[in-house]
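Breakdown of the fold
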Amino acid sequence: MADNSPNIAIVGGGISGLVLAIALIRRGTKVQLYEQAHAFGEIGAGVAFGPNSVRAMQACSPDIHAAFLKVATRNQWPDKRDVWFDFMDGYDKTAPVGKEKLLFTLTTEDGANAVHRAHFLDELVKLVPEGVAHFKKRLDTIEQPAGDGKVRLRFHDGTTAEADAVVGCDGIKARTRAWMLGGDDKPGAAPVYTYKYAYRGLIPMQRAVDELGEDNAKNAKMHLGKDGHILTFPVNKGETMNVVAFHTTQEDWPDTRHLTRSSEKKHVYDDFEDFGPTVQKIIDLLEPNLDCWAIFDTGAHPMPAYNKGRVCCLGDAGHATSPHHGAGAGICIEDAAVMAELLAEPSVAKAGTSGLEAAFQAFSDCRKERTQWLVQSSRRTGDLYEWRAEGVGNDVEKIHAECEERDEKIWGSQIEEMVAEAKQSLAAILKA
Ligand code: FAD
């Protein structure tokens, strides 16, 4: 490790923070990670990764990719391995359970490659050496001196920490974003409600097969309809079926400090009352009491820049998206790959403070367009699935064509090209 290599503080130990820490450590960069919770933890739900995400994992570290492969689950039928989702007519009330009309299919390398969030996080945690992570460290504010002095983090427990630079990976409600924008009351500091919410469930696979039939239970399906859609895909190496049921509402979310609330299955039936028998059967399989997740994003006020001196936002902290592309976490991993490569550039360490500022500037310049496009495109995609998109409605051909074009833009991007562009940008900034 070069002696002049910078000390990087990462705030937040979700997927972004952990992946970035592992990628930086692999490149010999000194890292400390500060997490507000008493331990690393993720919720028990599924998360799917497109091929761009898998390539980004490999770029971050082969160990991250290997960790993913340990827990990743693809469609269970060999002839459906490359299916992202089969899009079904969830609104057809005449088709019996399991016999909904197939509207169209989207395919990609590896298909829907999904993990149980908590299991993936457990594998990532194993890759973080002792002494790197500090728990119960809730960031309150940041002090950044004008010159070469260290950046200081102030935590809620009264303690402080110092670093040469800080990467905020503190998620959708990021303190780092609010600090960067100038305070909690500034536009963009708080995420906004997209007027969609989701119920989530994990169903034992055998039960799902018995009730829905093998194809529906073991392969990724998206059941479309007016103002709602339900998606299912296998996780836990095919032992469990993950369910996410989205609904559009006109009502405000009651408490913007809490993005989940307890709910009951009867509300899911109400929200999907106009859907057909297959969707009703999926709802039957859910627990009687379940959580309802508000879908917030940062789409109303995209950050003008992800960097401010030697502080930078990454992942959901910079660009939280609704989940309709199934790409939010994947794009966080792309961010981490680009950031790790930039910070490991010898020219950054050599240039000291201005090198770190240049790395963050290059990161922001190169990541803004794609990440902020994703946030807007995801909103549009959610509306396409629910026959609400302007100029499209329930025209299946148009929905298919637009979804395909948007997903291709996500899946087809090459991480090597993103990294090369960022390094070029860094070189130009350092030269100026
Ligand atoms: P987070 O996971 O929010 O992690 C932030 C971390 O920072 C947490 O550990 C938190 O405790 C910590 N923290 C917060 N504030 C502080 C503070 N002040 N001080 C210290 N620590 C702090 N993406 C996909 O790619 N595919 C999918 O299929 C998919 N499905 C989704 C389904 C739903 C319903 C939702 C809501 C999202 C979905 N996403 C999906 C998006 C994905 O979940 C997020 O993009 C991703 O988890 C963000 O990771 P992150 O590490 O940036 O933020």
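For the structure itself, consult the block above.
Below is a summary of the structure that appears in this document. The residue numbers shown here count from 1 along each chain, following its written sequence. Side-chain atom pairs in this predicted model are given and counted only at pLDDT of 80 or more, local residue features only at pLDDT of at least 70, and totals for whole chains, interfaces and linings cover all residues. Excluded from the side-chain calculation are hydrogens and water; included are all heavy atoms of the structure.

Some points on the overall build of the chain
We count a stretch as a helix when DSSP gives it H or I for four or more residues in a row; a strand needs E for two or more, and each element gets its number in order from the N terminus. Looking only at helices and strands, the chain has 15 helices and 19 strands in total. Projected onto its principal axes, the C-alpha positions of the chain cover 70 × 45 × 40 Å. Split into buried and exposed, the 432 residues of the chain put 56% on the buried side. Considering only contacts within the chain whose residues lie at least 6 apart along the sequence, 75% involve residues at least 24 apart. Surface accessibility in these figures is a Shrake-Rupley result with a 1.4 Å probe; residues are shielded only by whichever protein chains are displayed. Of the roughly 17500 Å² of accessible surface on the chain, a fraction of 48% belongs to carbon and sulfur atoms. Charge assignment in this entry is limited to Lys and Arg as positive and Asp and Glu as negative, and neither His nor the chain termini are counted. By convention, the point assigned to a charge is CZ for Arg, NZ for Lys, CD for Glu and CG for Asp. With 49 positive and 63 negative side-chain charges, the chain shows a spacing of 4 Å between the two charge centroids. Type-normalised accessible area, obtained with a 1.4 Å probe on protein chains alone, sets the label of each residue: buried when under 20%, exposed when over 50%, and partly exposed for intermediate values. Contact between two residues is taken to exist if any of their heavy atoms lie within 4.5 Å; hydrogens are not considered.

Things to note about the sheet that holds strand 4 (residues 83-89)
Only strands that DSSP links by at least two bridges are regarded as paired with each other. Pairing is mixed in the open sheet, where eight strands are placed in the order 5-4-13-14-15-12-17-16. In the strand order of this sheet, the two ends are held by strand 5 (102-107) and strand 16 (260-264), each with one partner. Here the strands of the sheet are splayed against their neighbours by 25 degrees on average, with no regard to which way each runs. In this structure, strand 13 (residues 221-225) lies alongside strand 14 (residues 228-235), joined through five bridges in antiparallel fashion. In the sheet register, Leu224 faces strand 14, and the bridge partner there is His229. Axis lines are fitted through C-alpha atoms, for helices just across the contact stretch, and the angle between N-to-C directions can take any value from 0 to 180 degrees.

A few points about the site of the ligand
Around the ligand, 28 residues are found, and the nearest of them are Ser16, Glu35, Ala48, Arg117 and Asp316. In the environment of the ligand, an oxygen atom lies 3.2 Å from a nitrogen or oxygen atom belonging to the backbone of Ile15. Here an oxygen atom of the ligand and a side-chain polar atom of Gln36 are 3.1 Å apart. Bound to the protein, the ligand loses 85% of the 1000 Å² it would expose on its own. Elements supplying a minimum of two residues to the shell around the ligand: helix 1 (15-26), strand 3 (46-49) and helix 11 (328-343). Looking at side-chain class alone, the shell around the ligand contains eleven nonpolar, nine polar and eight charged residues. In this text, near means that some heavy atom of the residue lies within 4 Å of the molecule or strand in question. In protein, a polar contact requires one atom able to donate a hydrogen and another able to accept it; more generally it is a pair of N or O atoms within 3.5 Å, and residues adjacent in sequence count only if both atoms are side-chain atoms. Amino acids are sorted into nonpolar (Ala, Val, Leu, Ile, Met, Phe, Trp, Tyr, Cys and Pro), charged (Asp, Glu, Lys and Arg) and polar (every other residue, Gly among them).

A word on the environment of Cys366
Position of Cys366 among the secondary structure elements: in helix 13 (residues 353-385). With a relative accessible area of 14%, Cys366 lands in the buried category. Linking Cys366 and Lys423, residues 57 residues apart in sequence, is a C-alpha distance of 9.5 Å. Among all residues touching Cys366, those that are not within four sequence positions of it are Glu421, Ala422 and Ser425.

Observations concerning the environment of Trp293
Note on placement: Trp293 falls in strand 17 (residues 289-297). Along the primary structure Trp293 and Lys196 are separated by 97 residues, whereas in three dimensions their C-alpha atoms are 8.8 Å apart. Those residues within four positions of Trp293 in sequence are excluded, and the remaining contacts are Ile43, Lys196, Tyr197, Ala198, Arg200, Trp253, Leu259 and Thr260.

What to know about the side chain of Glu402
Structurally, Glu402 is set in helix 14 (residues 396-411). Overall, Glu402 belongs to the buried group, its relative accessible area being 15%. What Glu402 contacts, discounting residues up to four positions off in sequence, is Arg380, Leu384 and Val392.

Let's talk about the sheet that holds strand 9 (residues 151-155)
The three strands lie next to each other as 8-9-10, forming an open sheet whose pairing is antiparallel. On the outer flanks of this sheet lie strand 8 (139-143) and strand 10 (160-163), each paired with one strand and no other. With strand direction ignored, the average angle separating the axes of adjacent strands in the sheet is 25 degrees. Relative to strand 10, strand 9 runs antiparallel, the two sharing four bridges. Bridging across to strand 10, Arg154 finds its partner in Thr160.

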